Amino acid sequence: MIRKLNSILRLLFLLTAITAFYNCSSTRKLENRNNKHIYKKLGLEENKKDNLKLYKEAASWLGVPHREGGMDKNGVDCSGLVLNIYKTVYNKTLERTSRSQCQTNCKRIDKTKLQEGDLVFFNTRLKGNKVNHVGIYLKDNKFLHTSSSKGVMVSSLDENFFIKAWLCGGRVVNYK
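Quantities reported herein were computed from a predicted structural model and do not represent experimental measurements.

## Points about the environment of Ile-85
The topology assignment puts Ile-85 in helix 3 (residues 78-90). Considering only alpha carbons, one finds Ile-85 and Lys-53, 32 residues apart in sequence, at a separation of 9.9 Å. When neighbours within four sequence positions are excluded, Ile-85 is seen to be in contact with Leu-54, Glu-57, Ala-58, Trp-61, Tyr-90, Ile-136 and Leu-144.

## Quick notes on the packing of aromatic side chains
Tallied over the full model, the rule gives 7 aromatic pairs. In this structure an aromatic cluster arises from ring pairing among Phe-122, Phe-143, Phe-161, Phe-162 and Trp-166. Directly above the aromatic system of Trp-61 lies the positively charged group of Lys-73, at a separation of 5.1 Å from the ring centroid. The positively charged end of Lys-111 is found above the aromatic ring belonging to Trp-166, 4.7 Å away from the centroid.

## Some words on the packing of helix 2 (residues 52-61) against helix 3
For the pair helix 2 and helix 3, interaxial distance at closest approach is 10 Å and the crossing angle is 145 degrees. The handedness of the crossing between helix 2 and helix 3 is right-handed. Of the residues in helix 3, those touching helix 2 at Lys-53, Leu-54, Glu-57, Ala-58 and Trp-61 are Leu-81, Asn-84, Ile-85, Thr-88, Val-89 and Tyr-90. A class-by-class count of the residues in the contact of helix 2 with helix 3 yields 7 nonpolar, 2 polar and 2 charged.

## Here we look at unusual backbone geometry
Positive phi outside glycine occurs at Asp-140, with the angle close to 55 degrees. On the secondary structure map, Asp-140 appears in the loop between strand 5 (133-139) and strand 6 (142-147). For Asp-140, a relative accessible area of 53% corresponds to the exposed category. Backbone geometry places Asn-141, a non-glycine residue, at a positive phi of 65 degrees. Tracing the sequence through the fold places Asn-141 in the loop between strand 5 and strand 6. Look at Asn-141 and you get partly exposed, because its relative accessible area is 22%.

## A word on the pattern of salt bridges
Opposite charge on two side chains allows them to pair when their charged atoms are near. Counted according to the given criterion, the structure contains 5 salt bridges. Among the ionic pairs, Lys-176 bridges to Glu-95, the shortest N-O distance being 3.9 Å. Of this pair, Lys-176 sits in the segment after strand 8 (166-172) while Glu-95 sits in the loop between helix 3 and helix 4 (98-105), and the two are 81 residues apart along the sequence. Since its relative accessible area comes to 63%, Lys-176 is described here as exposed. Classification of Glu-95 as partly exposed rests on a relative accessible area of 22%.

Definitions and limits used
Residues numbered from 1 in each chain as written. Predicted model: local features only at pLDDT ≥ 70, side-chain atom pairs only at ≥ 80, totals over all residues. Heavy atoms only, no water. Helix = DSSP H or I, 4+ residues; strand = E, 2+ residues; numbered from the N terminus. Contact = heavy atoms within 4.5 Å. Phe/Tyr/Trp six-rings, centres within 6.5 Å; stacked < 30°, edge-to-face > 60°. Lys NZ or Arg CZ within 6 Å of the ring centre and 35° of its normal. Axes fitted to C-alpha atoms, helices over the stretch in contact; angles between N-to-C directions. Left-handed = near helix turned anticlockwise from the far one by under 90°. Nonpolar A, V, L, I, M, F, W, Y, C, P; charged D, E, K, R; others polar. Buried < 20%, exposed > 50% of the residue type's maximum accessible area, 1.4 Å probe, protein only. Salt bridge = Lys/Arg side-chain N within 4 Å of Asp/Glu carboxyl O.

By themselves, these observations are geometric and do not establish any function.
See the structure below:
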């Protein structure tokens with residue numbers, strides 16, 4: 001009787017272990033499919049070294065309309081987008097304006113030194129050298145920002161407009 005009970009317990013344990021393994025495997029497959037979808041939305045290639053939390057958060061903002069002074073998914077401006085993503089992904093509070101983010105929160109870096117999560121600063125008026133636009137560098141010369149006509153989107157630093165408007169890159173070093 002005790003042998004039979006031990007056999008049944010072993011069988012139950014084995015079935016439980018197999019079920020747990022199968023469920024973990026299914027969850028990983030589902031996560032991988034979701035990750036591929038995120039990268040496709042952003043127009044990027046997946047890499048295991050990427051900060052997936054950044055890419056998920058970036059993808060969740062795509063298409064949000066531009067609204068000057070906006071701070072949420074009903075409408076956001078460029079610095080509001082950066083502020084929100086930095087708070088969510090890195091738990092860092094940045095200044096509210098693109099100019100202050102550049103001057104107060106960042107150490108300036110060259111375009112060739114950009115890394116995932118760095119900030120990219122522009123003068124979109126194409127006159128002078130005052131910062132009036134900011135985005136978050138993703139990778140492969142692509143960055144997330146808000147467009148006044150298309151809302152939150154991914155653009156390339158290689159686009160003519162952004163080549164002309166480029167001011168500097170910034171690595172966040174100072175935050176609240």
